[in-house]
Amino acid sequence: MSKTTLKKQIKELTKEQLMEVMLELYDARKEAREYLEYYVNPDENKMFEKYNAVIRKEFFPQKGRAKGRTSVCKKAVKDFISLHPSPKLIAELKYSLVETIMEYAVSSRFWLRESQENTLLAFFKDSLEYMFSNDLLDYFDRRIYKLLKKSDTSRCPFREELSRIKSDFDDSIK
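Predicted, not measured: the structure shown is a model, and the values here were computed from it.

*Asks:* Explain the overall build of the protein chain to me, using residue names and the numbers behind them.
*Replies:* What the protein chain contains, in helices and strands, is nine helices and zero strands. Taking 174 residues into account, the globule formula puts the C-alpha radius of gyration at 16 Å, and the protein chain, at 20 Å, lies well above it. Its C-alpha atoms give the protein chain principal-axis dimensions of about 65 × 45 × 30 Å. For the protein chain, buried positions account for 34% of its 174 residues. Put simply, 63% of the contacts in the protein chain that link residues at least 6 apart link residues at least 24 apart. Carbon and sulfur atoms make up 52% of the accessible area of the protein chain, which totals about 11,800 Å². Charge centroids of the protein chain, computed over 34 positive and 29 negative side chains, lie 4 Å from each other.

*Asks:* Quick rundown of the packing of helix α8 (residues 137-153) against helix α9 (residues 159-172)? Include the residues and the values.
*Replies:* Running from N to C, α8 and α9 cross one another at 150 degrees; their axes reach a closest spacing of 9 Å. The angle between the axes of α8 and α9 places the two elements in the roughly antiparallel class. In the crossing of α8 with α9, the sense of the turn from one axis to the other is left-handed. Two secondary-structure elements touch here, α8 through Leu137, Ile144, Leu148, Ser151 and Asp152 and α9 through Arg159, Leu162, Ser163, Lys166 and Phe169.

*Asks:* How would you summarise the pattern of salt bridges if you had to cite specific residues and measurements?
*Replies:* Oppositely charged side chains are able to pair whenever their charged atoms sit close together. Inspection of the entire model under this criterion finds 11 salt bridges. Linking Arg143 and Glu99 is a salt bridge whose minimum nitrogen-to-oxygen distance equals 2.7 Å. Linking Arg143 in helix α8 with Glu99 in helix α6 (residues 87-107), this pair joins segments that are 44 residues apart in sequence. The exposure class assigned to Glu99 is partly exposed, which follows from its relative accessible area of 25%.

*Asks:* Tell me what's going on with the side chain of Thr70, and back it up with residues and numbers.
*Replies:* Here Thr70 shows up in helix α5 (residues 70-82). By relative accessible area, which is 9% here, Thr70 ends up buried. Ignoring any residue separated from it by four or fewer positions in sequence, one finds Thr70 in contact with Ser115, Gln116 and Thr119.

*Asks:* Report on a nonpolar patch on the surface, specifying residues and quantitative values.
*Replies:* On the surface, a nonpolar cluster with roughly 680 Å² of combined accessible area is contributed by Met1, Leu6, Ile10, Leu13, Leu18, Val21, Met22 and Leu25. Residue assignment for the nonpolar patch shows that the elements contributing at least two residues are α1 (3-12) and α2 (15-28). By relative accessible area, which is 79% here, Met1 ends up exposed.

Cut-off values and rules
- Residues numbered from 1 in each chain as written.
- Predicted model: local features only at pLDDT ≥ 70, side-chain atom pairs only at ≥ 80, totals over all residues.
- Heavy atoms only, no water.
- Helix = DSSP H or I, 4+ residues; strand = E, 2+ residues; numbered from the N terminus.
- Rg over C-alpha atoms; globule rule 2.2 N^0.38 Å.
- Buried < 20%, exposed > 50% of the residue type's maximum accessible area, 1.4 Å probe, protein only.
- Contact = heavy atoms within 4.5 Å.
- Areas by Shrake-Rupley, 256 points an atom, 1.4 Å probe, with all protein chains shown as cover.
- Lys, Arg positive; Asp, Glu negative; His and termini not counted.
- Charge placed at Lys NZ, Arg CZ, Asp CG, Glu CD.
- Axes fitted to C-alpha atoms, helices over the stretch in contact; angles between N-to-C directions.
- Parallel < 35°, antiparallel > 145°, perpendicular 65-115°, else oblique.
- Left-handed = near helix turned anticlockwise from the far one by under 90°.
- Salt bridge = Lys/Arg side-chain N within 4 Å of Asp/Glu carboxyl O.
- Patch = residues over 30% accessible without salt bridge, like charges linked within 9 Å, V, L, I, M, F, W, Y side chains within 5 Å.

Following this line, the structure appears as structure tokens:
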């Protein structure tokens, strides 16, 4: 069904019918419940903490071994973005994923699955572009420098790739 068709159908509903549909949707889907709760009480920081905890749990769980599923982390970022929080918090979560994977890489002596390394590099590039487009680079500059310094001093196997991404990015914004 298209949005246009949906709008027509919604216009035909009475206020009570619309309220009933919303309550059924609230009960039927976890994602809808979360979105509606956020819509009614938009606490960006609480939602940021929730999704950041999902990412941290993948790499540093309280119990057991780290699963490190990048698909779960990417979904957490995507779900957070769908709530339309401030650009600063979106950039914060994206870069937090990069920092978390890097922290995990250091703790595991740079043994990363290919998907984890690819996600690290892709989100690093994406984060830089997002920060630039939302004028947040100055806010994150120290953390970016710290990450690059950590990759250089610890002889990280993908340090050249991180440096190349940053260098290419710097060249593209000049």
